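A look at the structure
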Amino acid sequence: MAFPVDLRRCQALGLAGTAFLALGGETAGALPTRDLLSPASGRGALGLVCVYFGVVLLIAAWALLGKVVRGPEPPTPRALLVVLLVWAAPLLMAPPLFSRDVYSYLAQGAMVDAHMDVYAHGPARLGGPLADEVAPVWRHTATPYGPVFLAVASALSALTEGRIPQGLIGMRMVALLGVALMAVALPRLARHHGGDPAVALWLGALNPLVLLHLVAGAHNDAMMLGLLGVGLVAARGRRYALGVVLVTLAALVKAPAALGLLAVVVMRGRTGWVRTTVTTVAVATATTAGVTALTGTGYGWIAALRTPVSPNNWSPTTLLGRATTNLLHGLGSDLAPLALPAWRAAGLAVTLAVVLLIWLRLRPGPVHALGLSLAAVAVLGPAIRPWYALWGLFLIAAAARNSSAQHRLVATTGVLALAVLPSGDPADTEQLALAVCGGVLAVVVLWQAHQASSAPALERTA
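Note that residues are indexed from 1 along each chain, following the sequence as it is written. Residues qualify for local features only when their pLDDT is at least 70, as the model is predicted, and side-chain atom pairs are given and counted only at 80 or more; totals for whole chains, interfaces and linings, by contrast, use all residues. Note that water and hydrogens are dropped before the side-chain values are worked out from all heavy atoms of the structure.

Looking now at the overall build of the chain. Each helix is a run of H or I in the DSSP string that is no shorter than four residues. Each strand is a run of E no shorter than two, and both are numbered from the N terminus. Looking only at helices and strands, the chain has 20 helices and 0 strands in total. Scaling as 2.2 N^0.38, a compact globule of 462 residues should have a C-alpha radius of gyration of about 23 Å, and the chain matches this with 23 Å. The principal-axis extent of the C-alpha atoms belonging to the chain is close to 75 × 55 × 55 Å. Across the 462 residues in the chain, those meeting the buried criterion constitute 52%. When contacts within the chain are restricted to residue pairs at least 6 apart in sequence, those whose partners lie at least 24 apart make up 75%. Here the open area of atoms and residues is found with the Shrake-Rupley method and a 1.4 Å probe, where only the protein chains shown may cover a residue. Per element, the accessible surface of the chain, about 20500 Å² overall, is 67% carbon and sulfur. This radius of gyration counts C-alpha atoms alone. The globule rule is 2.2 Å times how many residues there are, raised to the power 0.38. Note on classification: 1.4 Å probe, protein chains only; a residue is buried when its accessible area is under 20% of the maximum for its type, exposed when over 50%, partly exposed between these limits. By the convention used here, residues are in contact when the closest approach between their heavy atoms is within 4.5 Å.

Encoded structure:
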């Protein structure tokens, strides 16, 4: 007997998942330093179990929703948007989860508001309670974010007068706006590429990574992806210049979105591509100059793109660099300090080669090619975080039509959704054990629910 699945059950299960997430986050999340609890404390341990219980419930709800979406009577995009709102609701007032980056955003906004150069100094220059909330590894690090995001962060700082609780809510609202733009863009992009709008929404907007990291974590990647998505929609239609402006604004939040300009050029077709390229470059340059002049932050973000990655980063090139460094140290070689930079340079070279292969040989379509390219940038770059996977996943969800690609996206999401502690800190053995306990407990509850729902049908059959 199959487990009975419908939209209402999926909605209720996902709501239970995000409710447990929010509840557990109250003691195990990325809380302000004055509210932090030791992971070894009873409340901290219970919160960690609760969060991972909720994560597994959310993943299960999303996977079951996929069966409904791809079933004989799929829900409408509007119905899926209602599900997204219901799932996101408990997270709106929850503390930040899975990262402390939102505190960095607030500190950087306060620095811009105070006319400090965020491209030359880290939040430590600001000082005070807000700087104390920033993760130690980033306190002395310049920001790599562009002037569009800094302008938003500065305006929010002025509006909230530097108060942390109000600032956290404001940043989450900005992230929600970005997610809303993503949800608006996904069905339209899917239709343009012969895909299913409902499947695109399920994969790209209701994805657990969106809820865990863009909503609960309030990452500025939501703003970047939202602007990129609506920019591609506009460029695909009759508003080409507006599309270029929006994609440029996305790149002025985070630089990887600049690859979207290539997709915009390709969308216009092969005829007149020289003129299209010149026009695109001109509009993008004018937009960049205008925004930079209006915000007054300057062009320091270009040099700040070399901002160092965190020491516990686990990108493939960084892991290989560390392994090579340790090996050379063991051999007593003087080349050990060069290993990590060499591997990162190699990663960038391979990224360029992969991007060229995608656009010049594979040619899967501009949106799909852009998604694959951003995925390559995320995987092969010097730093990787679970939410970076959304750069490519968001667009691949709109363009990928075959089930095997969709299955790969689901598997990737399931793994990455479990990869980070709710506090954003590295896991130790005890925390890992608690997280596993929470996940296993959720699996047991789901299995018992499955057995209970199957029993009446089996009795009727007998």
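Time to look at the layout of surface pockets. Considering only enclosed or pocket space, the second largest pocket measures out at about 460 Å³ in volume. The set of elements that each furnish at least two residues to the lining of the second largest pocket consists of helix H12 (260-267), helix H13 (273-295), helix H16 (336-362) and helix H17 (366-380). For the lining of the second largest pocket, the element with the highest residue contribution is H16, accounting for 5 residues. Classifying every residue of the lining of the second largest pocket gives 12 nonpolar, 3 polar and 2 charged. Only protein atoms enter the 1 Å grid used here. Points where a 1.4 Å probe fits but cannot escape make up a cavity, open sets with protein on both sides within 12 Å along at least five of seven lines make up a pocket, and a residue lines them when an atom lies within 4 Å of a point. Grid points are joined across faces, edges and corners, and a volume is the space filled by probe spheres set on the points. Residues are grouped as follows: Ala, Val, Leu, Ile, Met, Phe, Trp, Tyr, Cys and Pro are nonpolar; Asp, Glu, Lys and Arg are charged; every other residue, Gly included, is polar.

The interhelical angle for the contact between helix H1 (residues 7-28) and helix H3 (residues 77-88), taken along N-to-C directions, is 25°, at an axis separation of 8 Å. With respect to their mutual orientation, H1 and H3 come out roughly parallel. Between H1 and H3 lies a crossing whose hand is right-handed. Contacts from Leu7, Cys10, Gln11, Gly14, Leu15 and Thr18 in H1 reach Ala79, Leu80, Val82, Val83, Val86 and Trp87 in H3. Of the residues that constitute the contact of H1 with H3, the class distribution is 9 nonpolar, 3 polar and no charged. Only C-alpha atoms enter the line fits that serve as axes; for helices the fit covers just the stretch in contact. Angles between N-to-C directions range over 0 to 180 degrees. Working definition: roughly parallel below 35 degrees, roughly antiparallel above 145 degrees, roughly perpendicular at 65 to 115 degrees, and oblique for all remaining angles. Should the near helix be turned anticlockwise from the far one by less than a right angle, the crossing is termed left-handed; should it be turned clockwise, right-handed.

What follows covers empty space enclosed by the protein. Tallied over the full model, the rule gives 2 cavities of 30 Å³ or more. Reported here for the largest cavity is a volume of approximately 50 Å³. Put simply, the parts of the chain that give the lining of the largest cavity at least two residues each are helix H6 (147-160) and helix H7 (164-192). If you go around the second largest cavity, the residues you meet are Tyr105, Phe149, Met171, Val174, Ala175, Ala218, His219, Asn220 and Met223. The class makeup of the residues in the lining of the second largest cavity is 7 nonpolar, 2 polar and no charged.

By definition here, a salt bridge exists when the distance from a side-chain nitrogen of Lys or Arg to a carboxyl oxygen of Asp or Glu is within 4 Å. In the structure shown here, the tally under the stated rule is 4 salt bridges. Residues Glu133 and Arg100 are paired through a salt bridge, measuring 3.1 Å at the closest nitrogen-oxygen approach. Taken as a pair, Glu133 in helix H5 (residues 128-133) and Arg100 in the loop between H3 and helix H4 (101-113) lie far apart in primary sequence, 33 residues in all. The same class applies to Glu133 and to Arg100, which are both buried. Between Glu161 and Arg163 there is a salt bridge, with its nearest N and O atoms 2.9 Å apart. A relative accessible area of 39% means that Arg163 is categorised as partly exposed.

All right, on to the side chain of Thr160 then. Looking at the secondary structure, you find Thr160 in helix H6. Residue classification places Thr160 among the buried residues on the basis of a relative accessible area of 8%. Two N or O atoms count as a polar contact when they lie within 3.5 Å, although within protein this holds only if one can serve as hydrogen donor and the other as acceptor, and sequence-adjacent residues are included solely when both atoms are side-chain atoms. A polar contact of 2.9 Å, which involves the side chain of Thr160, links it to the backbone oxygen of Leu156.

For the rest of this paragraph, the subject is unusual backbone geometry. Negative phi characterises most residues that are not glycine, and trans characterises most peptide bonds. Of note in this structure, Phe98 is not a glycine but carries a positive phi near 70°. As for its placement among the helices and strands, Phe98 is situated in the loop between H3 and H4. Judged by its relative accessible area of 2%, Phe98 falls in the buried class. Positive phi outside glycine occurs at His115, with the angle close to 60°. The residue His115 is located in the loop between H4 and H5 in this model.

Now for the nonpolar core. Here, the term nonpolar core denotes a set of buried Ala, Val, Leu, Ile, Met, Phe, Trp, Tyr and Cys residues that are joined through side-chain atoms within 4.5 Å. Counting 134 residues, the largest nonpolar core has Leu21, Leu65, Trp87, Leu206, Leu232 and Leu395 as its most contacted members. Here this core takes 18 residues from helix H2 (residues 42-69), the largest share from any one element. Those residues in contact with Leu395 that sit more than four places away from it in its chain are Leu189, Leu228, Leu232, Val367, Leu370, Gly371 and Leu374.

Bringing a nonpolar patch on the surface into the picture now. A patch consists of residues exposed above 30% relative accessible area that lack any salt bridge, with like charges linked at up to 9 Å and nonpolar side chains (Val, Leu, Ile, Met, Phe, Trp, Tyr) linked at up to 5 Å. Judged by side-chain polarity, Leu432, Val436, Val440 and Val444 come together as a nonpolar surface patch covering roughly 340 Å² of accessible area. For Leu432, the position within the fold is in helix H20 (residues 429-461).

With that out of the way, let us pick up the confidence of the model for the chain. Values of pLDDT, the confidence the predictor places in each residue, fall between 0 and 100. For the chain, per-residue confidence averages 89 on the pLDDT scale, and 95% of positions sit at 70 or higher. At the level of individual helices and strands, the chain shows its lowest average pLDDT in H20, which scores 79, and its highest in helix H9 (residues 208-215), which scores 97.

The relative placement of two aromatic rings is captured by the distance of their centres and the angle of their planes. The rule is short: rings of Phe, Tyr and Trp, with Trp giving its six-membered ring, pair when the centres are within 6.5 Å, and they are stacked under 30 degrees, edge-to-face over 60, tilted in between. Going through the model one piece at a time under the given rule, you end up with 7 aromatic pairs. Plain terms: the ring middles of Phe20 and Phe53 are 4.7 Å apart, the flat faces sit at 75° to each other, and that makes the pair edge-to-face. With a gap of 33 residues between them, Phe20 in helix H1 and Phe53 in helix H2 connect regions that are remote in the sequence. Judged by its relative accessible area of 32%, Phe20 falls in the partly exposed class. Since its relative accessible area comes to 10%, Phe53 is described here as buried. For the pair Tyr388 and Trp391, a centre-to-centre distance of 4.6 Å together with 20° between the ring planes defines the contact as stacked. For Tyr388, a relative accessible area of 17% corresponds to the buried category. Residue Trp391 is classed as buried on the basis of its relative accessible area of 5%. We count a charge as sitting over a ring when the NZ of a lysine or the CZ of an arginine lies within 6 Å of the ring centre and within 35 degrees of the ring normal. Taking the ring centre of Tyr240 as reference, the NZ or CZ of Arg268 above it sits at 4.3 Å.

For helix H18 (residues 389-399), the tally of buried residues reaches 10 of 11 residues, placing the bulk of the element in the interior. Listed in full, the buried residues belonging to H18 are Leu390, Trp391, Gly392, Leu393, Phe394, Leu395, Ile396, Ala397, Ala398 and Ala399. Against the buried residues of H18 lie H7, helix H8 (197-204), H9, helix H10 (221-236), H17 and helix H19 (403-416).

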